[in-house]
2 protein chains.
Amino acid sequence: MAQKNRLQYIILGLLNIGSKTGYDLAKAFDSDIGEFWSANHSQIYPLLKKMEQDEMITHHEIQVGQKLVKKSYDITDQGKKNFHEWLEEPSEADNSHDEFILKLYFIKDANSELLEEMVVSQLELRTDKLSHLQDQLADKFPDQASQQANYGHYCVLKHAIQRESGYVDWLKGI
Amino acid sequence: MAQKNRLQYIILGLLNIGSKTGYDLAKAFDSDIGEFWSANHSQIYPLLKKMEQDEMITHHEIQVGQKLVKKSYDITDQGKKNFHEWLEEPSEADNSHDEFILKLYFIKDANSELLEEMVVSQLELRTDKLSHLQDQLADKFPDQASQQANYGHYCVLKHAIQRESGYVDWLKGI
DNA sequence: CAAAAACATGTAATTAATTACATGTAACAA
DNA sequence: TTGTTACATGTAATTAATTACATGTTTTTG
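Residues numbered from 1 in each chain as written. Chains lettered and ligands numbered in written order. Predicted model: local features only at pLDDT ≥ 70, side-chain atom pairs only at ≥ 80, totals over all residues. Heavy atoms only, no water.

Looking at an unreviewed UniProt entry, one finds chain A named Regulator of phenolic acid metabolism PadR and attributed to Companilactobacillus versmoldensis DSM 14857 = KCTC 3814.

Spelled out as structure tokens, the structure:
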């Protein structure tokens, strides 16, 4: 395996909401999901083909206008099973692509038990990370002189702390 | 071009600070830089080779112990030029890999004019984005019912706003 | 009605990135 | 001294992702 192929799960999640074309899926990355993930149509169309081979999804054709036939994709039972297994897996606290946010996006029910579990474990992960960052700050930039000496690095660390701290606050509010 | 190959600039930035081995560079992604970027040694070593061919860097060998010879890399004038050109380019407000943070990390001087410019343009970009997100929230989740109906999506949008808002505050503090 | 924008679907070429494979040295601690 | 951890450097195989190429239809707007 080279990567977790999370795009696959995003597609499953989106199709779990309802039937969609490749174009619809691609569009989702221009708005909502684009907030924390990106994908191009040239990545989506081949993946849809592969996912259909793997029996995660199927498609039906829709006649539109005189000539155009579009493919609308649907999630299969196997696809739903895979999607839910992914949701239940622990999420890494990656700095770039945030898998937790990604999973959260697909939780509909505010009172879901899964949501509760997800938030608790993520909160643990993030508070650990925050205290680690705070240790680093104290260690590397103990005084004003050291802060000024490497201002960019100092700012970035401050930013990471603020981000993590905001993240923790937000998690607590869920 | 398939991507911006920002790893190249990170390496230039790190070598601009001082001579380093491939191992040193790889280690940087376990601590500081790991906060907002990732790279493996298997990506770094081949890239170092390529960058040396492109005359961005050179290396000298260091005898250590009885047998081991390590390669310590240095940035060339051309490399420095390229690095500074990158710093001066506008940074995208990507959601995953944050190029602005990346550049900031390499700014030493708190009173640098470049820093001032960078912050101003990034602030503009980010405030625009924030207001766009706030519009989205008002549009998609106007009442409690809509928030509950799609709680995960609501949380994610709230998170994006909180993140952007924190980002803007942090930028203002630089 | 004509033009433009949005819809719709793909492939090809290239580059980026991960995981796994592969090997060996040096320093340090028990 | 022996085992473990950290240092050190690569390659190979695979997958992920971007950019560019390619084409055509439908809907909307002026």
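Having seen the structure, we can now continue with the description.
Draft legend 1. Highlighting the sheet that holds strand 1 (residues 20-21) of chain B. Residues and elements named next belong to chain B. Sheet architecture is open: three strands sit in the order 1-3-2, paired in antiparallel fashion. Edge positions in the sheet fall to strand 1 and strand 2 (57-64), since each has one partner strand and no second. Where strand 2 meets strand 3 (residues 68-75), eight bridges bridge the pair, whose relative direction is antiparallel. Across the sheet, the residue bridging to I62 is K70, located in strand 3. Packed on one face of the sheet, helix 1 (residues 6-17) meets strand 1, strand 2 and strand 3 and runs near 100° to strand 3. (Pairing = 2+ DSSP bridges. Helix = DSSP H or I, 4+ residues; strand = E, 2+ residues; numbered from the N terminus. Contact = heavy atoms within 4.5 Å. Axes fitted to C-alpha atoms, helices over the stretch in contact; angles between N-to-C directions.)

Draft legend 2. The arrangement of unusual backbone geometry in detail. Residue and element names in this part refer to chain A. Positive phi, close to 60°, is recorded for E55, a residue that is not glycine. Relative to the assigned elements, E55 resides in the loop between helix 3 (41-53) and strand 1 (57-64). Note on E55: relative accessible area 57%, which makes it exposed. (Buried < 20%, exposed > 50% of the residue type's maximum accessible area, 1.4 Å probe, protein only.)

Draft legend 3. Inspection of the pattern of salt bridges at higher detail. Summed over the entire model, instances satisfying the criterion amount to eight salt bridges over all chains. In this structure, E85(A) engages K81(A) in a salt bridge whose closest nitrogen and oxygen atoms are separated by 3.9 Å. Here E85(A) and its partner K81(A) are both found in helix 4 (residues 77-88), four residues apart, which amounts to about one turn of the helix. A relative accessible area of 48% means that K81(A) is categorised as partly exposed. The partner of R163(B) in a salt bridge is E164(B), with the nearest N and O atoms 3.2 Å apart. Judged by relative accessible area, E164(B) falls into the buried class, the value being 0%. (Salt bridge = Lys/Arg side-chain N within 4 Å of Asp/Glu carboxyl O.)

Draft legend 4. Spotlight on the packing of aromatic side chains. Counted under the stated rule, the structure contains ten aromatic pairs over all chains. The interplanar angle of 35° and the centroid separation of 6.0 Å between the aromatic rings of F83(A) and W86(A) together place this pair among those described as tilted. With F83(A) and W86(A) both in helix 4 and three residues apart, this pair spans about one turn of that helix. Accessibility expressed as a relative area gives 1% for W86(A), which makes it buried. Taking the centre distance of 6.2 Å and the plane angle of 40° together, the rings of Y151(B) and Y154(B) count as tilted. With Y151(B) and Y154(B) both in helix 8 (residues 151-173), this residue pair falls three residues apart, about one helical turn. (Phe/Tyr/Trp six-rings, centres within 6.5 Å; stacked < 30°, edge-to-face > 60°.)

Draft legend 5. Summary view of helix 3 of chain A. Residues and elements named next belong to chain A. An ideal rise of 1.5 Å per residue puts 18 Å on 13 residues; helix 3 measures up with 19 Å between its terminal C-alpha atoms. Of the residues making up helix 3, those classed as buried are I44, L47, L48 and M51. The buried residues of helix 3 occupy one face: seen down the axis, they fall within an arc of 115°. Exposed residues on helix 3 whose side chains face more than 90 degrees from its buried face are K49 and Q53. The elements touched by buried residues of helix 3 are helix 1 (6-17), helix 2 (22-28), strand 1 and strand 2 (68-75). (Expected span 1.5 Å × (residues − 1). Arc of directions from axis to C-beta.)

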